[in-house]
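# Working through the structure, step by step
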Amino acid sequence: MSSIPVFLLTGFLGAGKTTLLNYILHHQTMNKIAVIKNEYGNGNTDAQFLSHHGDIHITTLKNGCICCNSNAELSFTLFELLEQKDKKLLDFDLLIIECTGIADPGPIIKVFLTHDLFSERFTLRGVITLIDAVNIAYQLKHFNVVQAQIGYADLLLISKSDLLSYDASSLLTQLHNMNQKAAIYSIIHGNIDLNLIYNLDGFSLTPPSKPTLSFKIDDHEDHKVDVRSFTITRYDPFEINAISSLMERILTTFNQQLLRYKGILYIKNHSEKLLLQGVQQIYNSTWGQEWKSTETPYSEIVFIGIQLPEEEFKCAFQKL
Ligand SMILES: Nc1nc2c(ncn2[C@@H]2O[C@H](COP(=O)(O)OP(=O)(O)OP(=O)(O)O)[C@@H](O)[C@H]2O)c(=O)[nH]1
């Protein structure tokens, strides 16, 4: 049985999540999509914006935010969707979850990575975070959850750039500094090449690809935010035991601060690449393809987290 791809739409209140979802539902041609829409204190208003998509199954969750009500409502809905699909009462081959604007994606991601049934039947393919170009500076300053939404993202979409009166390059730099793993694009009214979404594969153990920026990044640094990302690169091979214990030490010491990390490792006496990735303490690694004779083996890991000591990390990896 093939597993069902899942995409998570996040972003602060009013960032453009529903607008993007509408665009996807209107323009997709290949998939039968089920939607879980989490509303917080909106009554039925929000769902009305999607009501014209008659053939798409939309479940609205209204008992609070799915990231903080112990995921019970989300789990129940996922069970129900699977049951209906198995009984052929419902036909869908792709699931999109629109979170509330105040949701921390971390606990929702965990549901898909740790639950036996859900991790088997669903494949979390990507976290897509909408950034409100007009209000992001204020939101970053006042709402920590916005930082988490950016830190967990595989794709950062800047909405409302049509309303911008300032040069967006410093915003791009800031976002890139917070999450070097995510590609960043600007969209207007949700208008996007859907392949950018469908091609996401943020949680699989494939070698990390370099993010594609659709903007020029300048050298401006912004230190006001706590979520930052950095990349560690090294050309000497690691001893497998040494790198394993360093990773364990990092996971234990920085368990409250790590959001995501993903990398490819060059291991001594192994011809294959070691691929690793993790979300908080949920850590996965597997042997990938062999290094080709034309390749220069190297290790590269991107860490995204809250106030992670970059220099300490770099030092620890270089010293091994
Ligand atoms: N000018 C402009 N307006 C936009 C754009 N994207 C979204 N909007 C408008 O911004 C408002 C909020 O958009 P929504 O899609 O409802 O935002 P949301 O993230 O779903 O909002 P919540 O459900 O409150 O979290 C709406 O009035 C949209 O029409 C854009 O790119 N440009």
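The name given to the protein chain in an unreviewed UniProt entry is GTP-binding protein, with Commensalibacter oyaizuii as the source organism. Quoted verbatim from the Function (unreviewed entry) field of UniProt, the annotation for the protein chain is "Zinc chaperone that directly transfers zinc cofactor to target proteins, thereby activating them. Zinc is transferred from the CXCC motif in the GTPase domain to the zinc binding site in target proteins in a process requiring GTP hydrolysis."

So, on to the domain arrangement of the protein chain. What the domain assignment reports for the protein chain is domain 1 (4-198) and domain 2 (227-319). Distance between the C-alpha centres of domain 1 and domain 2: 28 Å. Between domain 1 and domain 2, a total of about 1400 Å² is buried, with carbon and sulfur atoms accounting for 58% of that surface. Looking only at domain 1, the three residues that lose the most surface to domain 2 are Y152, Q180 and K181, adding up to 41% of its buried area. The interface formed by domain 1 and domain 2 holds one salt bridge in total.

So, on to the site of the ligand. Around the ligand, 16 residues are found, and the nearest of them are K17, T18, T19, D162 and H189. One of the backbone N or O atoms of G16 is found 2.9 Å from an oxygen atom in the ligand. One nitrogen or oxygen atom from the side chain of T19 is found 2.5 Å from an oxygen atom belonging to the ligand. Starting from 660 Å² of accessible surface for the ligand in isolation, the protein chains cover 72%. With three residues, helix α1 (residues 17-27) is the largest single contributor of residues to the shell around the ligand.

Attention shifts here to the sheet that holds strand β9 (residues 258-265). Across the sheet, which stays open at both edges, the five strands sit in the order β8-β12-β9-β10-β11 with antiparallel pairing between neighbours. Two strands close off the open sheet at either side, each with one partner strand: β8 (227-234) and β11 (282-290). The average undirected angle you get between the axes of adjacent strands in this sheet is 10°. With six bridges connecting them, β9 and strand β10 (residues 272-279) associate as antiparallel partners. Of the residues in β10, the one forming a bridge with G263 is L276.

Okay, helix α3 (residues 72-86) next. Spacing of three or four residues puts side chains on the same side of an α-helix, whose turn is 3.6 residues. An ideal rise of 1.5 Å per residue puts 21 Å on 15 residues; α3 measures up with 21 Å between its terminal C-alpha atoms. Immediately beyond the C-terminal end of α3, within one or two residues, lies K88, with a positive phi of roughly 60°.

It is worth spelling out the sheet that holds strand β5 (residues 122-132) at this point. As summarised here, the arrangement of the seven strands in space is β3-β2-β4-β1-β5-β6-β7, forming an open sheet in which the pairing is parallel. Looking along the sheet, the strands with just one partner apiece sit at the ends: β3 (57-61) and β7 (183-186). Strand-to-strand twist of the sheet, defined as the mean angle between neighbouring strand axes without regard to direction, takes the value 20°. Inspection of the sheet shows strand β2 (residues 33-38) paired to β3 by five bridges, in the parallel sense. Across the sheet, K37 pairs through a bridge with T60, a residue of β3. Contacts from α3 reach β1 (4-11), β2, β3, β4 (94-98) and β5, with the element oriented near 160° to β3.

Definitions and limits used
- The written sequence of each chain sets the order in which its residues are numbered from 1.
- Local features in a predicted model are, by the rule used here, given only for residues with pLDDT of at least 70; side-chain atom pairs are given and counted only at 80 or more, and totals for whole chains, interfaces and linings are based on all residues.
- To get the side-chain values, all heavy atoms of the structure are used, and hydrogens and water are removed first.
- UniProt positions are given in the numbering used here, feature names are shortened, and annotations may be inferred rather than shown by experiment.
- All domain edges in this entry derive from an automatic or database-based domain assignment.
- Buried area counts how much accessible surface, traced with a 1.4 Å probe, disappears from two parts once they are put together, with both parts' losses summed.
- The rule for a salt bridge is simple: a side-chain nitrogen of Lys or Arg has to be within 4 Å of a carboxyl oxygen of Asp or Glu.
- Definition of nearness: a residue and a molecule or strand are near each other if at least one heavy atom of the residue lies within 4 Å of the molecule or strand.
- N or O atoms closer than or at 3.5 Å make up a polar contact, with two conditions inside protein: a donor-capable atom paired with an acceptor-capable one, and, for residues adjacent in sequence, both atoms drawn from side chains.
- We get accessible surface area from the Shrake-Rupley algorithm with a probe of 1.4 Å; when it comes to residues, only the shown protein chains can shield them.
- Strands are runs of DSSP state E lasting at least 2 residues, helices are runs of H or I lasting at least 4, and numbering of each runs from the N terminus.
- In this analysis, strands are considered paired if DSSP registers two or more bridges between them.
- Axis geometry follows a simple rule: fit a line to the C-alpha atoms, using only the stretch in contact for helices, then measure angles between N-to-C directions, giving values from 0 to 180 degrees.
- By this rule the span expected of a helix is its residue count minus one, scaled by 1.5 Å.
- What makes two residues a contact is simply this: any of their non-hydrogen atoms within 4.5 Å.

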